[in-house]
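# Examining the three-dimensional arrangement
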Amino acid sequence: EKPAITCPADITVLTSSNGTGDCAGMVPNLIPGAVATDNCTSPLTNFVQTPAGGTFLSGVHGQQFDVLIAVTDASGNSSSCELEITLVDDEAPVLPAPPVVAPVSCAQNVPVIPNLTPSDNCGILDFDYTEVTTQGTCHDNFTLTRTWIATDFAGNTTSQVQVITVSDTQA
């Protein structure tokens, strides 16, 4: 008779589980969570997990991978079960800080939008900015706040703020 085996529940593996900077996760050793019984062999000790614990799974956020756990009894009879690992990106995008801008003397001297390039271990979904102007006492006296936001496919975000002060100091 073949042994009976039940796998542990499906799990998620975080991309940070193997360090940072890539869209991969490390497969844990799932054998201790498997339950196996046999009519003759007790306890069962001959388990094999594929892919093995410590293996790296590389893919995209939300990708699912099958893991097979097999057990063999003393007579060479074997059974297996399967579970799924879902790769979850838990690493936020990297966004360089926008340049610091010294106060400028009038609105026409407000610098153009800098060329910022975000990066992410599993890819950037969206990159944009918002601008808010806080008006001062006259046309050339205000604060411009640009908030840059990078979002990856898992919904992780990183933001950077750039503040530009416009102050007419000339008579």
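Below: a short report on this structure. It should be emphasised that the depicted structure is a prediction, and the values quoted were computed from it without experimental measurement.

Cut-offs and rules
Each chain has its residues counted from 1, running along the sequence as written. Only residues with pLDDT of 70 or above have their local features reported here, since the model is predicted, and side-chain atom pairs are shown and tallied only from 80 upward, although totals for entire chains, interfaces and linings are computed over all residues. Side-chain metrics rest on all non-hydrogen atoms present in the structure, leaving aside hydrogens and water. Starting at the N terminus, helices and strands are each numbered in turn, a helix being any DSSP run of H or I of at least four residues and a strand any DSSP run of E of at least two. The cut-offs for exposure are 20% and 50% of the maximum accessible area for each residue type, with area from a 1.4 Å probe on protein chains only; residues under the lower value are buried, those over the upper are exposed, and the others partly exposed. Throughout, a contact is declared for two residues whenever any of their heavy atoms are within 4.5 Å. Aromatic contacts are taken between Phe, Tyr and Trp rings whose centres are within 6.5 Å, Trp giving its six-membered ring; a plane angle under 30 degrees counts as stacked, one over 60 as edge-to-face, and the others as tilted. Any two cysteine sulfur atoms lying within 2.5 Å of each other are counted as a disulfide.

Following the sequence through the fold, Ile164 ends up in strand β11 (residues 157–167). According to the relative accessible area criterion, Ile164 is buried, its value standing at 0%. For Ile164, the contacting residues outside a window of four places in its chain are Val101, Val104, Val110, Pro111, Phe142, Thr143, Leu144 and Arg146.

This part is about the packing of aromatic side chains. Taken as a whole and assessed by the stated rule, the structure comprises 2 aromatic pairs. Ring geometry for Phe127 against Trp148: centres 6.0 Å apart, planes inclined by 20°, an arrangement best described as stacked. Taken together, the residues Phe127 in strand β9 (residues 124–135) and Trp148 in strand β10 (residues 141–152) connect sequence positions 21 residues apart. According to the relative accessible area criterion, Phe127 is partly exposed, its value standing at 27%. Here the aromatic rings of Tyr129 and Trp148 are separated by 4.7 Å at their centres, their planes lie at 35°, and the arrangement is tilted. Taken together, the positions of Tyr129 in strand β9 and Trp148 in strand β10 put the pair 19 residues apart, joining distant regions of the chain. Residue classification places Tyr129 among the partly exposed residues on the basis of a relative accessible area of 31%. Here a set of aromatic residues connected by ring pairs shows up, and it is made of Phe127, Tyr129 and Trp148.

Counted according to the given criterion, the structure contains 2 disulfides. Residue Cys7 pairs covalently with Cys81 via a disulfide, S to S 2.0 Å. Residues Cys7 and Cys81 are joined by a disulfide whose S-S torsion is about 90°; by sign, that bridge is right-handed. In this pair, Cys7 sits in the loop between β1 (4–6) and β2 (11–14) while Cys81 sits in strand β8 (residues 78–88), placing the two residues 74 residues apart along the sequence. Note on accessibility: Cys7 and Cys81 belong to one class, buried. Taken N- to C-terminal, the disulfide-bonded cysteines of the protein chain are connected 1-3, 2-4.

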